[in-house]
Amino acid sequence: MNKILPQQFKQLIDLAYSAHQEHNTRKDFRQNGKVPFVVHPIWCALTILNDQRIPFEERELGYQVLLLHDVLEDTNIEIPDFVDPKVIEHVKEMTHETWEEEQNIENKSDFIKLLKLCDKVASMYDETLEDEPQRRREWKALTQKMLVDVENHYGNIRLVVLAKAVLKDS
């Protein structure tokens, strides 16, 4: 049976912290400057990691991708060589230049849709877009679209339950 090594987990947490709190090029806080940005990728990573209804291998890979998913987009560092090349590949797949590009999810794998759903739910959960009603509606529509695909592929996983509740309350 595979297991997550605490040293590897810490190394990735440290990398995410350093990237978002020391090398961020967009914003180093969320929630109007109240919460360190690194909380977002950690929340995403732990949400996937703790969902035992998702196969362990996907949770193991997914938490690593989610810890680093905004590094290429929001910071001025590259992902170091000690990170598994598969993780880097998926991080690149989650990285986008524009909002229009991000909304183009039709050709993404079910696994990437799962991770992107977690990312969007996290932002809706912490109400990042409360001050931007039009953008919030667009995020909600994208989240609903991904939710259908994720539920069709993975079934009634905990993330699906959470996504439905957050969408209903948004």
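Our structure is the block above this text.
Calculation notes
Residues numbered from 1 in each chain as written. Predicted model: local features only at pLDDT ≥ 70, side-chain atom pairs only at ≥ 80, totals over all residues. Heavy atoms only, no water. Phe/Tyr/Trp six-rings, centres within 6.5 Å; stacked < 30°, edge-to-face > 60°. Helix = DSSP H or I, 4+ residues; strand = E, 2+ residues; numbered from the N terminus. Buried < 20%, exposed > 50% of the residue type's maximum accessible area, 1.4 Å probe, protein only. Axes fitted to C-alpha atoms, helices over the stretch in contact; angles between N-to-C directions. Parallel < 35°, antiparallel > 145°, perpendicular 65-115°, else oblique. Contact = heavy atoms within 4.5 Å. Salt bridge = Lys/Arg side-chain N within 4 Å of Asp/Glu carboxyl O. Polar contact = N/O pair within 3.5 Å; in protein donor to acceptor, adjacent residues only side chain to side chain. Disulfide = S-S within 2.5 Å.

1. Things to note about the packing of aromatic side chains
Two descriptors summarise a pair of aromatic rings, namely the distance from one centre to the other and the angle between the planes of the rings.
Next up, step 1: Evaluation of the coordinates by the stated rule reveals 3 aromatic pairs.
Next up, step 2: Between W43 and Y125 the ring centres are 5.3 Å apart and the planes differ by 35 degrees, which places this aromatic pair in the tilted class. Here Y125 lies in helix 7 (residues 110-125) and W43 lies in helix 2 (residues 39-49), a separation of 82 residues in the sequence.
Next up, step 3: Judged by its relative accessible area of 23%, W43 falls in the partly exposed class.

2. Structural notes on the packing of helix 2 against helix 3 (residues 56-68)
Next up, step 1: Interaxial distance between helix 2 and helix 3 falls to 8 Å at its minimum, and their mutual angle equals 175 degrees. Relative to helix 3, the element helix 2 is oriented roughly antiparallel. Contacts from P41, I42, C44, A45, I48 and L49 of helix 2 reach helix 3 at R59, G62, Y63, L66 and L67.

3. Some words on the pattern of salt bridges
Next up, step 1: Tallied over the full model, the rule gives 7 salt bridges.
Next up, step 2: D14 is the partner of K10 in a salt bridge, and the nearest nitrogen-oxygen pair spans 2.6 Å. Residue K10 and its partner D14 are both found in helix 1 (residues 6-22); the two are separated by 4 residues, about one turn of the helix.
Next up, step 3: Taking the relative accessible area as the measure of exposure, K10 reaches 49% and is therefore partly exposed.
Next up, step 4: Its relative accessible area of 39% is what places D14 among the partly exposed residues.
Next up, step 5: K120 is paired through a salt bridge with D119; the nearest N and O atoms lie 3.1 Å apart. By the burial criterion, K120 is buried, and D119 matches it.

4. Topic: the environment of S109
Next up, step 1: Structurally, S109 is set in the loop between helix 6 (99-103) and helix 7.
Next up, step 2: Each C-alpha atom of the pair S109 and V150 lies 10.0 Å from the other, and the pair is 41 residues apart in sequence.
Next up, step 3: Within the local environment of S109, its side chain forms a polar contact with the backbone nitrogen of I112, the two atoms lying 3.1 Å apart.

5. Concerning the state of the cysteines
Next up, step 1: In the structure shown here, the tally under the stated rule is 0 disulfides.
Next up, step 2: Residue C44 stays outside any disulfide, its sulfur separated by 4.6 Å from that of C118, the closest cysteine.
Next up, step 3: When its relative accessible area of 0% is taken as the criterion, C44 is described as buried.

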